[in-house]
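Letter by letter, the chains look like this.
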Amino acid sequence: MALIPGGTFVMGSDHHYPEERPAHRVSVDAFWMDKTPVTNRQFAAFVQATGHVTYAEIAPRAEDYPGALPHMLKAGSLVFTPPSRPVDHGDYYVWWNFAFGANWRRPLGRNSTNRGLDDHPVVHVAYSDAEAYANWAGKMLPTEAEWEFAARAGLEDREFAWGDELNPDGRHMANTWQGEFPNQNLKLDGYDRTSPVTAFPPNAYGLYDMIGNIWEWTTDWYAPRHEAEKGKACCIPRNPRGPRAEGSHDPAQPRNPIPRKVLKGGSHLCAPNYCRRYRPAARHPEPIDTSTNHVGFRCIVRVV
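Residues numbered from 1 in each chain as written. Predicted model: local features only at pLDDT ≥ 70, side-chain atom pairs only at ≥ 80, totals over all residues. Heavy atoms only, no water.

## A look at the sheet that holds strand 4 (residues 31–33)
Note the cut-off: A pair of strands counts as paired when DSSP detects no fewer than two bridges linking them. Helix and strand definitions here come from DSSP, where helices need a minimum of 4 consecutive H or I residues and strands a minimum of 2 consecutive E residues; each element is numbered from the N-terminal end. Every axis corresponds to a line fitted to the C-alpha atoms, with the helix fit spanning only the stretch in contact, and the corresponding angles, defined between N-to-C directions, vary from 0 to 180 degrees.
Reading across from one edge, 1-4-11 is the order of the three strands in this open sheet, with antiparallel pairing throughout. Each edge of the open sheet carries a strand with a single partner, namely strand 1 (2–4) and strand 11 (300–302). Here the average twist between neighbouring strands, direction ignored, is 25°. Two strands pair when backbone bridges link them, and strand 1 and strand 4 are joined in this way by three bridges, in the antiparallel orientation. Each bridged residue has a counterpart across the sheet, and for alanine 2 the counterpart in strand 4 is methionine 33.

## Focus on the sheet that holds strand 7 (residues 215–221)
In plain terms, the rule: The contact definition used throughout considers only heavy atoms, calling two residues in contact when any of these lie within 4.5 Å.
Read from one edge to the other, the open sheet built from four strands follows the order 9-8-7-10, with strand pairing classed as mixed. Of all the strands in the sheet, just strand 9 (283–287) and strand 10 (295–296) have a single pairing partner and so form its edges. When strand 7 meets strand 8 (residues 260–264), the two strands line up antiparallel, connected through three bridges. The partner of tryptophan 221 across the bridge, within strand 8, is lysine 261. Where helix 3 (residues 144–152) meets the sheet, it contacts strand 7, strand 8 and strand 9, and its direction lies at approximately 140° from that of strand 7.

## Some words on the layout of surface pockets
Where we set the bar: Lining residues are those with an atom within 4 Å of a point, where the points come from a 1 Å grid over the protein atoms alone and group into cavities, where a 1.4 Å probe fits but cannot get out, or pockets, open sets with protein on both sides within 12 Å along at least five of seven lines. Grid points are joined across faces, edges and corners, and a volume is the space filled by probe spheres set on the points. Charged residues are taken to be Asp, Glu, Lys and Arg, nonpolar residues to be Ala, Val, Leu, Ile, Met, Phe, Trp, Tyr, Cys and Pro, and polar residues to be all remaining types, Gly included.
Looking at the largest pocket, its volume works out to about 1800 Å³. Contributing to the lining of the largest pocket are 47 residues, with Leu78, Tyr92, Tyr93, Pro287 and Thr290 lying nearest its centre. Where the lining of the largest pocket is concerned, the elements lending two or more residues are strand 5 (76–80), strand 6 (96–100), strand 8 and strand 9. By residue number, the principal contributor to the lining of the largest pocket is strand 9, which donates five residues. Classifying every residue of the lining of the largest pocket by side-chain character gives 27 nonpolar, 11 polar and nine charged. His226, Glu227, Pro240, Gly242 and Pro243 are the residues nearest the centre of the second largest pocket, which is lined by 17 residues in total. For the lining of the second largest pocket, the secondary-structure elements that each account for two or more residues are strand 3 (24–28) and strand 7. Its residues assigned to classes, the lining of the second largest pocket shows eight nonpolar, three polar and six charged.

Just geometry here; none of it tells us what the structure is for.
This is the structure:
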């Protein structure tokens, strides 16, 4: 783990997506953070020690999903499946497929394996899986503010975790998408899907993959925007813990009000033409019952 010093910083951004606004000052205390996302090797040790069964390995119950088609109530997870041609970006179901049998051991579905991916981040973990691992390890998941402070590593006025250029001097600093998403992946950074967790340079705090590779769970419930900047320095929030769970529900899913947590960091599926969320300020809502092949996590330990 790396020691992250406490401090005050400007969280969010007024220059990109609406949910990142408004930029505002917050303070966090010092904490230790895993230098990398939790890997398949580490998660396997947890499963072997505890017998934990992930959410993706359990068949959904009909009573939890009103209106669900009976044949869909099987264990599985969401897998990115690139289409063969350009498609409408407004319909993400075109490239997301609920794959029966997909889980952390079989990241692309029943006939796949994570063999040879020991040093890649574990994926297909729902929020409860990440929290269970953290509890077993004697750690916890970071808040959104802690995560963003660590990702910025003192560069709060910069666009990315390393400066203002996405690829300084032509160098790829993170595992993101090159080409026209979702059908054309040029793989100029060398990777089609996930990459080993130390494949790209760390930030100034010695943290790897804070941007790209996989999205990471935080403990905060999602709200569609940040709270406004406090007018006086004495009122700057310290160690904010986010909003209440009931306000995090997706208004487009009134029949299935699953609360949502904040994801941070972007993933290997973030592209300039679709999802420019490979920045510290970027954020995304994820239902706590959802797992995919581009979401993982890392842990922290707060300094007492």
